[in-house]
Amino acid sequence: MTMRPWVRGVLAGPLSFICSWLLMAGAALYLPSGRAGVDNMVFPIVLFPLVWSGLFLYALLERRLGRGYLVIVALGLAHALLIARHLGVAP
Amino acid sequence: MIKLSQDNTRRVLDIHGWSGILLGLLLYAVICTGTVAVFSDEISNWSSPLSGESVDGFPTGFNAVFKRLYEEVDPRWREEVDAFVAHGGRIYLRFEGELESEQEGHHEHYGVEYQIDGNTLEVLKRTEGLDHERAAAREAGALAEFFVDLHVRLHLPNPWGLFLTGVLGLGMMLAALTGFVVHRHLIREAFTIRRNKEALLRARDAHVIAGTWSLPFAFVLAFTGSFFSFASSVGLPAMAMVVFSGDQERALAEVFNRHEPYDDTPAALANVDTMLADASARGGAKAVFISMNYVGRADAFARVFTQVEPGQLSGRAFDYAAASGEFLHENPVLVGKQPSAGNTVAALMTPLHFGHFAGWVSKAVWFALGFAAAYVTLSGMLLWTLRRAQRRAWQRMAGVVNWMGYGLPLAMVLTAHAYFWARASGVAVGSVQWAVFWAAAVAAALMIGLGSQARARAWMIRLSGAALLLLPLSRWLCDGPSWASALNHGQQVVVSVDLALLVAGGFCLWPRSRRREGFVPVAEATS
Amino acid sequence: MIEGLLAVLVSASVLWWLAGRDPKRLRAARQRDRRAHAPAVRRGLLLLALLPGLGLLLWVNVAAVLVWFGGLTVSGWLIAELRAPR
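These remarks concern the structure in this document.

The rules behind each value
- Residues numbered from 1 in each chain as written.
- Chains lettered and ligands numbered in written order.
- Predicted model: local features only at pLDDT ≥ 70, side-chain atom pairs only at ≥ 80, totals over all residues.
- Heavy atoms only, no water.
- Helix = DSSP H or I, 4+ residues; strand = E, 2+ residues; numbered from the N terminus.
- Expected span 1.5 Å × (residues − 1).
- Buried < 20%, exposed > 50% of the residue type's maximum accessible area, 1.4 Å probe, protein only.
- Arc of directions from axis to C-beta.
- Pairing = 2+ DSSP bridges.
- Contact = heavy atoms within 4.5 Å.
- Buried area = accessible area lost by both parts, 1.4 Å probe.
- Polar contact = N/O pair within 3.5 Å; in protein donor to acceptor, adjacent residues only side chain to side chain.
- Nonpolar A, V, L, I, M, F, W, Y, C, P; charged D, E, K, R; others polar.

## A word on helix H16 (residues 492-509) of chain B
Residue and element names in this part refer to chain B.
Then comes step 1: Relative to the 26 Å expected for 18 residues at 1.5 Å per residue, H16 spans 26 Å between its end C-alpha atoms, a close match to the ideal helical length.
Then comes step 2: All buried positions along H16 are accounted for by Val494, Val495, Val497, Asp498, Leu501 and Gly505. Along the axis of H16, the buried residues cluster in a sector spanning 165°; they form a single face. Away from the buried face of H16 by more than 90 degrees, exposed residues Val503 and Phe507 are located.

## Brief notes about the pairing of strand E7 (residues 317-321) of chain B
All names here are of chain B.
Then comes step 1: With five of five residues buried, E7 lies mostly within the body of the structure.
Then comes step 2: With burial as the criterion, each face of E7 is covered, one bearing Ala317, Asp319 and Ala321 and the other bearing Phe318 and Tyr320.
Then comes step 3: Bridge count for strand E6 (residues 301-306) against E7 is five bridges, and the pairing is antiparallel. Bridge pairing in E7 links phenylalanine 305 to alanine 317.
Then comes step 4: Examined bridge by bridge, E7 and strand E8 (residues 326-331) share five bridges and lie antiparallel to one another. Bridging across to E8, alanine 321 finds its partner in glutamate 326.

## What about the arrangement of the chains?
Then comes step 1: Among the two pairs of chains in contact, the pair with the most contacts is chains A and B.
Then comes step 2: The two units chain A and chain C are non-contacting; their minimal C-alpha-C-alpha distance is 20 Å.

## Notes on the interface of chain C and chain B
Then comes step 1: Taken together, the contacts link 31 residues of chain C with 32 residues of chain B.
Then comes step 2: Buried area between chain C and chain B, both sides added, is near 2,800 Å², and the carbon and sulfur share of it is 72%.
Then comes step 3: One can count zero residue pairs in polar contact (both at pLDDT 80 or more) joining chain C with chain B.
Then comes step 4: Looking at the side of chain C that touches chain B, the elements that each hand over two or more residues are helix H1 (2-20), helix H2 (23-28) and helix H4 (62-82) of chain C.
Then comes step 5: Examining the composition of the side of chain C that touches chain B, we find that 15 residues originate from one element, H4(C), more than from any other.
Then comes step 6: Tallied by class, the residues present in the side of chain C that touches chain B amount to 19 nonpolar, five polar and seven charged.

Set out below in structure tokens:
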């Protein structure tokens, strides 16, 4: 079981970071844009550090590592799909 | 309240310690330079005051100088024109255009920059070239810029430097969050520092108590700091890519409300003084920055930024039709074409991070907050190495922590000396600053490596103290004004900063017993 | 901005008072002869220390509140350092 810390580290570090990036970029597509048409972009950018540290802590504290992977990868994939559809890359 | 199992408490404590020790060294550098950078305006005003009365804001008569210089400049560099007041009352007037670079399809900003004495309106210097060439010519602000650059990107190229400081900010946020989670019961001990106990307990108390008190602002500074690092290096490119399908120009135009051109009929520019005065009256504070596009055409446009009005957190921005001088509307100071929740939140990041919304009062408070954060970082790293002092590897790490902890402030003060002597002898200020900074870092490493850590540390504090005490002398010897002349010309900043340096130097040299010092020698702890 | 500074002064004095008879601090300093504040008194003093901030928020401005809060956290740390047993 010596691999476990690394497996968890990859989830908490790089994967959480990529997931937060996708979350930030994807959220801009469905958040309300407000009166000036910028809120949908500003809030994800502002919240990006908080989202990442939230996911980081979650990844380290989740007892079942498999579920941790599932949640973070699913969250990232859903937003990746949303972005791909918006850019016309995916159906 | 979050309830943690014993296992999770252990894990959170590990995250706290490891994120601190892995990122702590660089984080400490970012915090120290950031703490000094709170006073970056004062540092520039103190290190490079002009010889006459000190001026604040644009003086009347700037319009005439502006128009004369505008005529002189090659029309290719008149696409964007802006002017700002900085560095002891100098006005920087900048004309910029796009230069076809050697790489095909790439453009670079090229232009002409004038430095104007805000008091006499005489041109002090003219520089023509690329962005970085013009920046290098701003010697009056080079010392403050050195600290700011180290703080913002650790002198690494963009976007990597920003990316790294962003990650450091995330690390600091994590350390604050996890510190709160594991130590929250210690809030009851907020006044308990056991200096009369053994070394480890003293080190622990010193770290935990400073951490407890500075926790809310450490979180705020880390959060806003990582926002600044990531917003431009990660956030905006992401939005350009996704929301605007890769069109960076359109993204910038949309987010920062750039005006579109609509009429290229030649037309003279309205009186700049009048627009500046109008904006000052509307904003309740002096105008300090004006940015113009399409000057010389009927659709010329100007945006004027004012300083923060007393009692407010941010300055304001006003848009003008620059050919007629007609006021158009107030623009949100940061993002969008009209007020929005997003702009309010984004605009809040600046005062929360920089702390320069209420003059010297808020700056002094933010400086103290930065100092506390630096203390928490350093004492935390020392505590971590002290707990593991029996192991050789951690003893070496303690040496590295001492090197950064006490060598960095010494290197920073020596850099300031280098700034003055380099300017006085007419050599390139930027390179001399870096050379002296690194030489000091190497010297500090030698001091640590060759003798006992505790002795080296004590010497570094003494040397920093002496260097601080001598800094006003260096300034004065290198053509700086005397106190009498500074006070006569209303340059109180010169005397105030000198006095602050003398007090800080005295504090470093003040004799104190070893027990009272925050640092605990490794040998004492393990014996 | 003088209001913010005054508020820091008021809050810091209350913290100084609070720290003076803080039970944990007294125990650590082995000052058994001095009576510690009762829990109710401590809670009261803490509220009293926070009161100037509320005043600034209601009658002055947010800038003053930020100055006050920053000043409060730094002075809390300084008080803990200054009142630590030698």
